Amino acid sequence: PGAASSSSTPTPTPTPTPTTVPSTTTSTTVGGTSSTPAPTSTNCPTLPSSITLKAISKLPDPFTFVADGSKVTTKAQWQCRQQEISQLFQRYELGTLPPKPSSVTGSYSGSTLTVNVNNGGTSISFSVSVQLPSSGTAPYPAIIAMGGLSIPTPAGVAVLTFNNNDMAQQTDSTSRGKGKFYTLYGSSATASSMMAWAWGVSRIIDVLEVTPSLKLDLTKLAVSGCSRNGKGAMVAGAFEPRIALTIPQESGSGGGGCWRISDAMLAAGVNTQTASEIVGENVWFSTNFANYVRQVPNLPFDHHLLAALIAPRALLVIDNTGIDWLGPKSVWGCMKTANKVWQALGATANMGVSQVGNHNHCAFPSNEQGDLDAFINKFLKGQNTNTAFVKTDGANGLGFVDSDWVDWSVPTLT
Ligand code: MCU
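These numbers were taken from a predicted model, which means no experiment stands behind them. (Residues numbered from 1 in each chain as written. Predicted model: local features only at pLDDT ≥ 70, side-chain atom pairs only at ≥ 80, totals over all residues. Heavy atoms only, no water.)

### Examining the overall build of the chain
And step 1. The secondary structure content of the chain amounts to eleven helices and 14 strands.
And step 2. Looking at the 414 residues of the chain, the share that counts as buried comes to 57%.
And step 3. In the chain, once contacts between residues fewer than 6 apart in sequence are set aside, the share between residues at least 24 apart is 70%.
And step 4. When the accessible surface of the chain is totalled, it reaches about 14900 Å², and 50% of it is carbon and sulfur. (Helix = DSSP H or I, 4+ residues; strand = E, 2+ residues; numbered from the N terminus. Buried < 20%, exposed > 50% of the residue type's maximum accessible area, 1.4 Å probe, protein only. Contact = heavy atoms within 4.5 Å. Areas by Shrake-Rupley, 256 points an atom, 1.4 Å probe, with all protein chains shown as cover.)

Encoded structure:
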């Protein structure tokens, strides 16, 4: 499979770094969207515009700042660390997420939500198809379906289908810079297709906030997608704090998988997708990422930290044990490790992993329905369910051993 273009001189693209997390009375800005206020006022270490990368062979420590090597000991500091992780992903892997543009308007009519965006004189408009539930009572919870819903539609939940390909194409490596996002920001915008989709999800929510005629409960929004769109769902959940529940399905390497573990799987002879392969296949990642795919240990993060941008909000990782290309051991180990962040936050049950084999790619197996229902019923319907599970049906935990990949301890954040 396609070799990545690679250069020996990485060229990081600096992005602005927020320096403070304000108190409970104000909200801050992370990548252009309002985030949950921090419990206390805290100064955040500033990420330098140029970082000397050093090889980290195991999964990088979620609880140590890259900026100054200090430790995360409080929940307020965790919010600072999330800002840092957000900047790192934008800089090295996904490109820059633009802030909310000056004008975002919309309308709802005949099952279609129209979103109009103007940025400095250039405009785009895109449509979202809305399927309201036939049961339940308004205001309804809703799932934003990245390219279509691949899990069974839950009763009483609206489905908003986002045509992500229209926002940013993902046909193959020639799709770079194509789609409505790039009409607005230019074809050389650094945002990868997945970052452009995340931006689009945020604009949908902007319009929902000013469209009360569409009776949705905006505190109960989920995002889901499968495979490439599962990677996209995870990125959208990571960068949009107004999403309450993120459900990536069979997202594989580049989603729930960690680059380091996927590389190790390939080295062990398993035909697994790696960073080196993926940058030649499609435009899900930024052009800058190609500079790092042959030196994955130099990345100051891995995808356990992409998931950790969601914490303590809810995340259910639905995965498939049976397809080597998806890197089942990588997704299992990476997401099992990500769960430690929810543990540190005292929110273990907000993050679940359900990995089941013996089904086709993106064909949701009926024996996973209970796991899905538990998360939907708790986070979209306010019920009291058991969501404290991190499980695989793979033999012997797929051979993933914590101590091979984790050399840091899990604090209890205060
Ligand atoms: C799992 O997602 C991708 C995978 O990364 C690609 O290598 C493959 O071509 O397509 C998968 C997919 O999106 O399948 C629908």
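### A few points about the nonpolar core
And step 1. Formed by 100 residues in total, the largest nonpolar core has its most connected members in Leu160, Ile204, Phe239, Met335 and Trp342.
And step 2. If we skip the residues at most four places from it in the chain, Trp342 touches Ala307, Ala308, Ile310, Ala311, Pro312, Arg313, Leu315, Ala347, Thr348, Asn350 and Met351.
And step 3. Core analysis: the next-biggest nonpolar cluster, separate from the first, contains 17 residues, Ile151, Ala222, Leu372 and Phe389 among them. (Core = buried A, V, L, I, M, F, W, Y, C linked by side-chain atoms within 4.5 Å.)

### What about the packing of aromatic side chains?
And step 1. Under the definition given, this model contains 15 aromatic pairs.
And step 2. Note on Phe181 and Trp199: the rings are 5.4 Å apart at their centroids and 80 degrees apart in plane angle, and the pair reads as edge-to-face. You can see Phe181 sitting in helix H3 (residues 180–185) and its partner Trp199 sitting in helix H4 (residues 193–209), a full 18 residues away along the chain. For the pair Phe181 and Trp199, one class covers both residues: buried. (Phe/Tyr/Trp six-rings, centres within 6.5 Å; stacked < 30°, edge-to-face > 60°.)

### Comments concerning helix H9 (residues 328–344)
And step 1. With 17 residues, H9 extends 25 Å between its outermost C-alpha atoms, agreeing within 8% with the 24 Å of an ideal straight helix rising 1.5 Å per residue.
And step 2. Where burial is concerned, most of H9 is hidden: 14 out of the 17 residues are buried.
And step 3. Downstream of H9 by one or two residues, Gly346 has phi in the positive range, about 70 degrees. (Expected span 1.5 Å × (residues − 1).)

### Overview of the side chain of Ser224
And step 1. Among the secondary structure elements, Ser224 is positioned in strand E10 (residues 216–226).
And step 2. At 2.8 Å, the side chain of Ser224 forms a polar contact with the backbone oxygen of Ile247. (Polar contact = N/O pair within 3.5 Å; in protein donor to acceptor, adjacent residues only side chain to side chain.)

### Considering unusual backbone geometry
And step 1. Along the chain, Ala138 connects to Pro139 via a cis peptide bond; the corresponding omega equals 0 degrees.
And step 2. Residue position: Pro139 is located in the loop between strand E7 (122–131) and strand E8 (140–146).
And step 3. Cis rather than trans, the peptide bond between Ala311 and Pro312 has omega equal to 5 degrees.
And step 4. Tracing the sequence through the fold places Pro312 in the loop between helix H8 (303–308) and strand E12 (314–319).
And step 5. Here the phi dihedral of Ser227 falls at roughly 65 degrees; this positive angle occurs in a residue that is not glycine.
And step 6. Along the chain, the position of Ser227 falls in the loop between E10 and helix H5 (228–239).

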